[in-house]
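# Descriptive structure summary
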Amino acid sequence: MKYNSVFDIIGPVMIGPSSSHTAGAARIGKAARNLLGKQPSWAKIYLYESFAKTYKGHGTDFALAGGLLGFETDDPRMSKALDIAKENQLEIEFIEDSSAVDHPNTARLIIGDKEESIELIGISIGGGKVEITELNGFELRLSGNHPAILIMHNDRFGAIASVTKILAKHEINIGHMEVNRKDVGKEALMVIEVDQNVEDGVLEELQSADHIIQISKLVS
């Protein structure tokens, strides 16, 4: 693993007890909230392997709840997040799943409200770092450590070019980009990590680009 600073080694400022099980879980929860674009009213959270075995003792449950509420990893309210979720009419169900997964600290979140829902898989890779590996059935690799734009689009000629042209016009540098599709000519998902948070006006311009269906963003 490549470390960019001493803080990557000692872990993030956080409410304990564990950077992997608490800080990482909180960041997975917050990524899900950001991708939905609002606080959900319900969540089903499937926990695997190490997460499933120790989630209560290591605070993974309240950390995921805190992330869904939008809390940062060092928010003093984190340990009370399950109670705060109930106060905010956020119903959370935790499910211990025995299915095989590639990483022991894996969670699958299905969250939403009366209008819409999303499903994602996140893993906590240590030191508070996370990766989002699947979104609504699309495989991806999203670190959650950089601002990102997720663009659902029709798999048509010119869709990618229209997006990159707009980003270049606004001098937004792309750090990482990948495109996944389920089948030729169907819906595809463009994942773009950038060097700075993208303003809403740019997102509106992207939304009007050729063949774009829906846009979400993650802020750093």
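Remember, predicted model here, so these are calculated numbers, not experimental data.

## Describing the packing of helix H6 (residues 159-169) against helix H7 (residues 200-207)
Packing of H6 against H7 leaves a shortest axis separation of 10 Å and a crossing angle of 155°. Relative to H7, H6 is oriented roughly antiparallel. Here the hand of the crossing between H6 and H7 comes out right-handed. Across the interface between the two elements, Val163, Ile166, Leu167 and Lys169 of H6 pack against Val202, Glu205 and Leu206 of H7. For the contact of H6 with H7, the per-class residue count stands at five nonpolar, no polar and two charged.

## Concerning the nonpolar core
By size, the foremost hydrophobic cluster in this structure holds 42 residues, and its most contacted members are Leu109, Leu120 and Leu150. If one sorts the elements of this core by residue count, helix H2 (residues 19-36) sits on top with seven residues. Counting contributing residues, this core receives three or more from each of domain 1 (6-142) and domain 2 (148-218). Once residues within four sequence positions are removed from consideration, Leu109 is found in contact with Ile28, Gly29, Ala32, Lys44, Ile45, Leu64, Leu68, Ile118, Glu119 and Leu120. Judged by nonpolar contacts, the second largest core, of 16 residues, contains Met190, Ile192, Leu206 and Ile212.

## Re the packing of aromatic side chains
We describe a pair of aromatic rings using the distance from one ring centre to the other and the angle between the two ring planes. In total, this model carries one aromatic pair according to the counting rule given. Against the face of Tyr46 rests Arg108, its NZ or CZ located 4.1 Å from the ring centre. The ring of Phe138 is capped by Lys182, whose NZ or CZ atom sits 4.7 Å from the centre of that ring.

## Overview of the pattern of salt bridges
Throughout the structure, instances matching the rule amount to nine salt bridges. Of the charged contacts in the structure, one is a salt bridge between Lys38 and Glu116, with a shortest N-O distance of 3.2 Å. A residue pair is termed long-range when its members are at least 10 positions apart, and Lys38 in the loop between H2 and strand E1 (42-48) and Glu116 in the loop between strand E3 (106-112) and strand E4 (117-126) qualify at 78 residues. A relative accessible area of 25% places Lys38 in the partly exposed class. Look at the salt bridges and you will find they share partners, linking Lys38, Asp113, Glu115 and Glu116 into a network.

## Side note on the domain arrangement of the chain
On domain assignment, one finds that the chain holds domain 1 (6-142) and domain 2 (148-218). If you average the C-alpha positions of domain 1 and of domain 2, the two centres end up 25 Å apart. For the pairing of domain 1 and domain 2, the buried interface totals around 1100 Å² over both sides, and the portion due to carbon and sulfur atoms is 68%. On the domain 1 side of the interface with domain 2, the three residues burying the most area are Phe138, Arg141 and Leu142, jointly 52% of the side's total. Remark: the boundary between domain 1 and domain 2 carries zero salt bridges. Along the contact surface separating domain 1 from domain 2 lie five residue pairs in polar contact (both at pLDDT 80 or more).

Rules behind the numbers
The residue numbering used here restarts from 1 in each chain and proceeds along that chain's sequence as written. Only residues with pLDDT of at least 70 are given local features in this predicted model, and only at 80 or more are side-chain atom pairs given and counted; all residues enter the totals for whole chains, interfaces and linings. As a rule here, side-chain values come from all non-hydrogen atoms in the structure, and water together with hydrogens is ignored. Helix axes are fitted to C-alpha atoms over the stretch in contact, other axes to C-alpha atoms as well, and angles between N-to-C directions run from 0 to 180 degrees. For helices the rule is a DSSP run of H or I covering at least 4 residues; for strands it is a run of E covering at least 2, with both sets numbered from the N terminus onward. Small angles under 35 degrees read as roughly parallel and large ones over 145 as roughly antiparallel, with 65 to 115 read as roughly perpendicular and the rest as oblique. The handedness criterion is simple: a crossing whose near helix is rotated anticlockwise from the far helix by less than a right angle is left-handed, and one whose near helix is rotated clockwise is right-handed. Residue contacts follow a heavy-atom distance rule, with two residues in contact if any of their heavy atoms lie within 4.5 Å. Residue polarity is assigned by list, with Asp, Glu, Lys and Arg as charged and Ala, Val, Leu, Ile, Met, Phe, Trp, Tyr, Cys and Pro as nonpolar; anything else, Gly included, falls into the polar class. In plain words, nonpolar cores are sets of buried Ala, Val, Leu, Ile, Met, Phe, Trp, Tyr and Cys residues tied together by side-chain atoms within 4.5 Å. Residue exposure (1.4 Å probe, protein chains only): buried if accessible area is under 20% of the type maximum, exposed if over 50%, otherwise partly exposed. For each domain, the first and last residues come from an automatic or database assignment. Two aromatic rings, drawn from Phe, Tyr or Trp (for Trp, its six-membered ring), form a pair once their centres lie within 6.5 Å of each other, and the interplanar angle then sorts them: stacked below 30 degrees, edge-to-face above 60, tilted otherwise. Only Lys NZ and Arg CZ are tested; either one counts as a charge over a ring when it is within 6 Å of the ring centre and within 35 degrees of the ring normal. For salt bridges, the criterion is a side-chain nitrogen of Lys or Arg within 4 Å of an Asp or Glu carboxyl oxygen. Note: buried area is the sum, over both parts, of the accessible area (probe 1.4 Å) each one loses when the two are combined. Contacts described as polar in this section are N or O atom pairs within 3.5 Å, which, within protein, must combine one atom able to donate a hydrogen with one able to accept it, while residues neighboring in sequence count only if both atoms come from side chains.

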